[in-house]
Amino acid sequence: MSTSTTGAAAPKAVSGPLNFIDDRLGSTTFFRRNMKKVFPDHWSFMLGEIALYSFIILLLTGTFLTLWFQPSMHEVVYEGSYTKLNGVKMSEAYASTLHISFDVRGGLLMRQMHHWAAILFMIAIVVHMLRVFFTGAYRKPRELNWLIGIGLFTLGMVEGLFGYSLPDDLLSGTGLRITQGVAESIPVVGTYLYMFLFGGEFPHGTNGEIIPRLFTLHVLLIPGIILALVTAHMMIMWHQKHTQMPGPGRTNDNVVGYPFYPVFMAKTGAYFLFTFGVIALLATFAQINPIWLFGPYDPGAISAGSQPDWYMGVLEGSLRIMPNWETTAFGHTISWNVLVPALGPLGIIFTGAALWPFIEQWVTGDKRWHHTVERPRNAPVRTGVGMAAVTFYGMLWLAGGNDVIAEKFHVSLFATTWFFRFAVFIGPVLAYIITKRICLGLQRSDAATMHHGVEAGVIIMSPEGGFSEKHEPANEQERAVILSKENRTPALPATEKDGIPAPGSKGPLGHLRARLHRYWAIDDIPVEAHDDHHEAEEVEEGKSGRKELTH
Amino acid sequence: MKRFTAWRRRPWAGYAVVLAALAAIGAIYAGFSPRTDRAEAANAAQAAADLANGRQLYNKNCASCHGPNAEGTKDAKGRPLAPSLIGVGAASVDFQVSTGRMPAMNPGAQMPRKPPIPEFNTNIPTDFHDPAQRARAEQQKAQAEKNLADLRNYIQSLGGGPEVPSAEMVDPQGGDVALGGKLFRTNCAQCHNFVGSGGALTGGKYAPPLSNDNVTPTQIYEAMLTGPQAMPVFNDTTLTPEQKKAIIAYVVQTREEPNPGGNGLGRIGPVAEGLTGWLIGLSMLILAAMWLTAKKPKKLKKS
Amino acid sequence: MSDNNLGSNEPMEPGDAAHARNQSPKRVIGTPEQGGRLLATAESEPAPHGAGAELDEAAAKRAERIVALFFLLAALGSVGFIAAYVWSGQQGPNGMHGIEDARASNYALGVAMTVAMLAMAIGVTIWVRRLMTSKQIVQQRGPLRSDEETRAEFEAAFLEGAGDSAVTKRPLLRRTLLLAAAPLGLAPLVLLRDLGPLPEKRLRHTFWGPAVTEAKKHGKQGVRLVVDGAPTQALKVSDFATPGSMITVLPEGIEESHHALNEIAKAVTILINVPADKFKPVKGRENWHVGGIVAYSKICTHVGCPAALYEQTTHHILCPCHQSTFDATDGAKVIFGPAARPLPQLPLSVDKEGYLIATDDFPEPIGPSFWERG
């Protein structure tokens with residue numbers, strides 16, 4: 001087990017256990033092969049790690065909480081150290097959460113860390129997914145990991161909702177009440193689902209079923225699935241090797257970065273500590289989910305600003321801005337005002353995200369393996385669609401806080417609703433157009449850099465007395481990054497050789513594909529290496545001089 | 001300083017301050033008022049004078065909107081501009097004027113809380129070092145209190161109505177805080193939020209926060225009793241004085257309660273928490289990631 | 001697909017820009033900065049892959065001391081955490097107790113933990129950046145897909161196995177096996193049946209119904225309304241006479257009912273005193289109010305939040321969850337927001353002793369819509 005070039009032996013404390021395991025599993029072969037595994041270095045590659053480490057913290061703090069938490073709706077009269085609630089009837093779940101907060105040393109810290117970790121877990125998943133999307137890192141061969149990621153996000157939302165519901169405080173009960181209302185609105189089976197979920201009527205069922213059920217789902221089933229998916233996600237990533245940013249010496253066939261042992265190991269270890277530290281910092285100085293202030297759940301009570309955690313805000317927002325459509329016919333009622341917002345937006349976003357890699361592949365006809373990520377500007381349609389989705393999500397999300405917006409900025413509540421009703425449709429379109437324009441502008445500037453070089457900051461006086469700035473060729477790093485752009489062909493070859501139409505270009509679907517393909521590439525501005533920098537004046541607009549893909 | 005801060009947190013501290021202030025005012029007032037051995041006889045005359053003062057204050061500050069006889073005014077189309085004040089009672093006057101909502105400056109969706117006009121401002125600072133300045137301030141304060149009382153009595157004399165509650169009725173330590181919490185969450189939290197941080201209403205109106213700077217126990221009682229602006233009325237037979245005292249106990253004890261988990265983030269619930277997670281949590285971690293992956297410092301290498 | 005395989009094979013680090021900028025010609029004041037772009041040349045030192053860079057020993061020593069300092073700080077943090085834990089127990093008679101202790105303990109434990117974690121994180125980061133000598137290395141990516149030969153071998157083996165197992169030759173075996181498996185898949189679904197009762201008519205009535213029936217059995221005209229939170233405080237008309245009043249009420253006796261929480265969740269009602277001149281009774285409900293005193297279900301018809309926010313100036317009832325707005329003067333008809341139906345109205349009357357009473361249940365199911373509602 002010696003990797004050192006000098007041939008010195010590893011200390012006994014290392015070689016002993018390793019040999020013990022190796023004798024039984026042959027593991028050293030694996031270690032030998034992987035200890036120098038290369039990990040590309042970029043800050044945005046660490047976003048997913050926030051999610052991973054938050055999840056570990058969630059498991060640790062969550063386990064701590066289960067040691068005291070009582071998942072029971074059995075009614076008790078509180079007599080404890082939070083004196084303001086003495087004599088109040090509440091569920092054991094709520095009372096035990098108060099106990100954790102005020103009587104268990106470190107209990108409040110662990111509760112707050114658990115909640116902050118959950119918030120950061122979901123934030124990290126979102127920003128990680130955005131990074132992957134905008135750099136095209138989901139492209140073949142990584143579609144499976146993209147799908148797993150979407151699965152993790154969905155599970156995280158459900159897991160978060162259930163966790164939010166467990167303490168049985170006023171906010172969590174309100175959340176459950178809304179969950180019940182949404183369940184009830186489902187056609188045909190809604191009321192059955194509702195009864196089966198709650199074990200009877202809201203909130204107590206027949207015997208206080210809902211909280212024990214959610215508890216089991218929250219601490220066992222869903223974390224188990226998340227853990228399995230995270231493992232699969234990591235193993236696939238490990239096996240496929242991470243994507244890398246374009247740069248000199250970086251190709252689609254290699255991977256450039258630091259070895260796993262010792263550099264990446266130390267970096268990722270440090271990042272775990274950073275994540276842990278930041279969560280501890282938030283839990284120390286920023287109070288989260290003060291259930292003692294919300295009070296125990298009471299079906300007759302409600303608070304202004306009853307909001308879910310941020311990742312459910314998009315559902316809350318769509319429920320708020322939906323017009324009040326409802327159909328009653330033949331003795332049956334369909335509540336479009338609940339069904340559409342509950343299923344529509346997230347359905348569009350999740351289904352769209354899941355299908356996107358395959359749609360893109362179909363449109364571009366690109367079935368190659370991609371290991372170097374694409375700069376967002378070099379895929380304007382993708383980047384535009386991504387920004388449109390972000391805007392759509394963002395508008396619904398803001399709409400979920402329209403009462404806070406109305407109150408803080410003193411505008412009419414109904415005006416905010418009307419604003420979001422329009423913005424949710426207009427915003428994404430605008431975002432798409434603007435983003436695409438920006439991308440093309442950046443492509444143009446790249447093309448110009450390749451033509452003229454960059455401004456050197458040196459002013460030259462010509463013999464005639466005129467001044468001009470000296471341009472020099474971009475250096476190697478920049479050239480490599482800029483030239484990572486693939487210039488696109490605007491149309492599929494309509495026919496293969498001998499005049500036979502290419503498969504997939506026939507029929508309405510084929511036409512659609514051809515049109516989309518053309519649209520995908522039509523605006524593309526070719527960026528090419530020019531060795532001679534004096535012919536710089538021509539072709540900036542990309543109208544002429546378009547060349548075929550060279551590889 | 002620290003001891004003083006701790007001392008101020010004591011439940012009785014507020015009362016001690018109020019009592020001390022009242023005693024001081026009393027003493028000063030006695031000092032200024034003429035030696036009165038014929039006080040008994042003067043009482044009736046004094047009451048009449050006070051009422052006249054109240055009426056005068058009314059005519060000066062209120063009559064332009066509420067009408068010369070407090071009957072209210074209407075615009076050309078018969079829509080009410082300002083309500084009649086007959087029968088609103090002293091409690092309503094005290095609430096509206098002592099919170100500065102009345103006299104209203106400019107009509108909007110809702111009359112905001114503001115410092116009361118000088119004639120009625122009972123919150124002016126009197127802790128000046130200069131004795132003359134202090135005496136002047138204290139006199140002004142006493143005059144403001146008298147003005148407010150006179151105006152209250154004048155409106156009360158027009159048609160009765162709810163009276164200003166006594167100090168004992170609004171004692172936050174005297175109420176059943178657990179019951180208060182239940183009643184607050186059932187009847188108040190829907191607008192004012194679970195701890196009284198305020199919330200949005202329709203048409204640009206809002207339920208104001210119930211913080212220390214915003215509302216005193218007496219004003220909370222008066223607001224429940226009279227239902228200012230959009231707020232519904234909770235009269236003494238719907239929510240009994242005992243229940244109101246419980247609600248006041250809940251509001252006051254809650255707003256004075258420290259946040260055990262750090263900064264309360266405005267106590268407005270998950271919106272602020274999500275924002276903190278995104279803005280602070282995520283930025284700190286991104287900075288850490290940038291530092292970790294930034295290029296190694298060159299100068300360390302042997303050149 | 002190697003369109004950018006140019007330049008040297010020496011890898012770059014992303015932060016080389018600053019370094020490179022120092023080498024480029026001096027900037028003239030007033031010209032645009034070249035920042036924001038990754039301008040760089042490849043690292044100049046040729047180093048074999050994986051070999052370490054040599055460090056300046058003096059600088060390395062300094063870095064080592066800094067790292068050690070942070071590690072010591074982290075150790076202090078951890079010890080401090082334990083100390084804070086023990087110290088938290090010293091407060092009050094039985095360990096930690098109440099809000100002030102929880103606050104102190106949270107700060108002490110949290111600061112100690114934060115210091116321990118962040119100091120260690122910072123220490124490791126400085127260590128990686130200043131003391132680790134590994135350089136960037138390049139690895140080749142092999143093809144991910146198996147070669148054609150392997151695929152062909154697998155296919156052959158698969159078919160051979162299928163043949164050996166006889167599953168291809170014996171359709172009866174295959175089909176009956178499928179038949180055997182199908183019900184097995186259904187069994188778990190059946191098992192879930194007892195998760196809860198069937199809906200039946202549960203959603204169609206509230207506690208007001210049986211309470212009114214019970215009261216009528218005892219010769220009363222209806223059930224009295226008690227203030228939510230004060231189960232013995234029944235309201236008289238004279239108690240609730242101030243226009244602009246609002247209060248949450250429940251049927252008398254609901255607190256003692258079986259599954260009280262479930263019953264309250266359906267029966268909770270808001271009582272509003274709308275000024276009589278503003279009140280427009282719905283057709284057929286002219287005698288459901290008592291001089292403008294009117295009662296509506298508190299459960300929003302959208303998704304069931306308590307719609308409790310009453311503005312006495314506009315007579316709007318607003319649900320704070322999704323802002324459905326109802327008009328209290330006009331049968332709680334929807335005037336804004338996502339709710340589709342008015343809040344159900346409770347028929348009110350007054351008994352001989354002057355108490356407000358409900359004379360019947362809500363005329364329709366309360367709360368959110370559902371399929372069978374009709």
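For clarity, every value in this text was computed on a predicted model and none was experimentally measured.

Visitor: Give me the lowdown on the overall build of chain A, citing residues and values where you can.
Guide: Regarding its fold elements, chain A presents 18 helices and eight strands. When its C-alpha atoms are laid out on the principal axes, chain A stretches across 95 × 75 × 60 Å. When burial is assessed residue by residue, chain A has 59% of its 551 residues classed as buried. Considering chain A, the positive charge centre built from 42 side chains and the negative charge centre built from 46 side chains are found 5 Å apart.

Visitor: So what about the interface of chain C and chain A? Which residues, and what values?
Guide: Chain C puts 109 residues into the contact, and the matching count from chain A is 133 residues. Here chain C and chain A share an interface that buries about 10,400 Å² over both sides, 62% of which is from carbon and sulfur atoms. Counting across the interface, chain C meets chain A through two salt bridges. In this structure, R341 of chain C engages E326 of chain A in a salt bridge whose closest nitrogen and oxygen atoms are separated by 3.3 Å. If you look at where chain C meets chain A, you find 35 residue pairs in polar contact (both at pLDDT 80 or more). At the level of elements, α2 (57-90), α3 (98-130), β1 (137-140), α7 (260-267) and β10 (333-336) of chain C are the ones that each hand at least two residues to the side of chain C that touches chain A. If one sorts the elements of the side of chain C that touches chain A by residue count, α3 of chain C sits on top with 19 residues. When grouped by side-chain class, the residues that make up the side of chain C that touches chain A number 58 nonpolar, 33 polar and 18 charged.

Visitor: Which residues make up unusual backbone geometry, and what values do they have?
Guide: Cis geometry marks the peptide bond from K140 of chain A to P141 of chain A, where omega comes out at 10°. The topology assignment puts P141 of chain A in the loop between α5 (107-134) and α6 (143-165). Residue P203 of chain A is reached from F202 of chain A by a cis peptide bond, and omega for that bond is -5°. Mapped onto the secondary structure, P203 of chain A falls in the loop between α8 (190-198) and α9 (210-240). Here the phi dihedral of A332 of chain C falls at roughly 55°; this positive angle occurs in a residue that is not glycine.

Visitor: Give me the lowdown on the domain arrangement of chain B, citing residues and values where you can.
Guide: Residues and elements named next belong to chain B. When the domains of chain B are assigned, the result is domain 1 (44-158) and domain 2 (167-256). Averaged C-alpha coordinates put domain 1 and domain 2 at centres separated by 23 Å. At the interface, 14 residues of domain 1 touch 16 residues of domain 2. In this assembly, domain 1 packs against domain 2 so that about 1,200 Å² is buried in total across both faces, 49% of it on carbon and sulfur atoms. Here domain 1 and domain 2 share zero salt bridges between them. Class assignment for the residues of the side of domain 1 that touches domain 2 results in six nonpolar, five polar and three charged.

Visitor: Describe the interface of chain B and chain A, naming the residues involved and giving the relevant values.
Guide: Note on interface size: it is often stated as the accessible area lost on association of the parts. Each partner contributes residues to the interface: chain B has 54 residues there, and chain A has 67 residues. Between chain B and chain A, roughly 4,700 Å² of surface is buried when both sides are summed, and carbon and sulfur atoms account for 71% of that area. Among the residues chain B hides against chain A, the three largest losses belong to R185, W278 and L285 of chain B. Together they make up 15% of the total. The interface formed by chain B and chain A includes two salt bridges. A salt bridge links K182 of chain B to D298 of chain A; the shortest N-O distance between them is 2.5 Å. The interface formed by chain B and chain A contains 16 residue pairs in polar contact (both at pLDDT 80 or more). Of all elements in the fold, only α7 (177-187), α8 (189-192), β3 (199-200), α10 (241-256) and α11 (270-293) of chain B reach the threshold of two or more residues within the side of chain B that touches chain A. No other element matches the 19 residues that α11 of chain B contributes to the side of chain B that touches chain A. A breakdown of the residues in the side of chain B that touches chain A according to their chemical character gives 26 nonpolar, 22 polar and six charged.

Quick notes on the rules
- Residues numbered from 1 in each chain as written.
- Chains lettered and ligands numbered in written order.
- Predicted model: local features only at pLDDT ≥ 70, side-chain atom pairs only at ≥ 80, totals over all residues.
- Heavy atoms only, no water.
- Helix = DSSP H or I, 4+ residues; strand = E, 2+ residues; numbered from the N terminus.
- Buried < 20%, exposed > 50% of the residue type's maximum accessible area, 1.4 Å probe, protein only.
- Lys, Arg positive; Asp, Glu negative; His and termini not counted.
- Charge placed at Lys NZ, Arg CZ, Asp CG, Glu CD.
- Contact = heavy atoms within 4.5 Å.
- Buried area = accessible area lost by both parts, 1.4 Å probe.
- Salt bridge = Lys/Arg side-chain N within 4 Å of Asp/Glu carboxyl O.
- Polar contact = N/O pair within 3.5 Å; in protein donor to acceptor, adjacent residues only side chain to side chain.
- Nonpolar A, V, L, I, M, F, W, Y, C, P; charged D, E, K, R; others polar.
- Domains from an automatic or database assignment.

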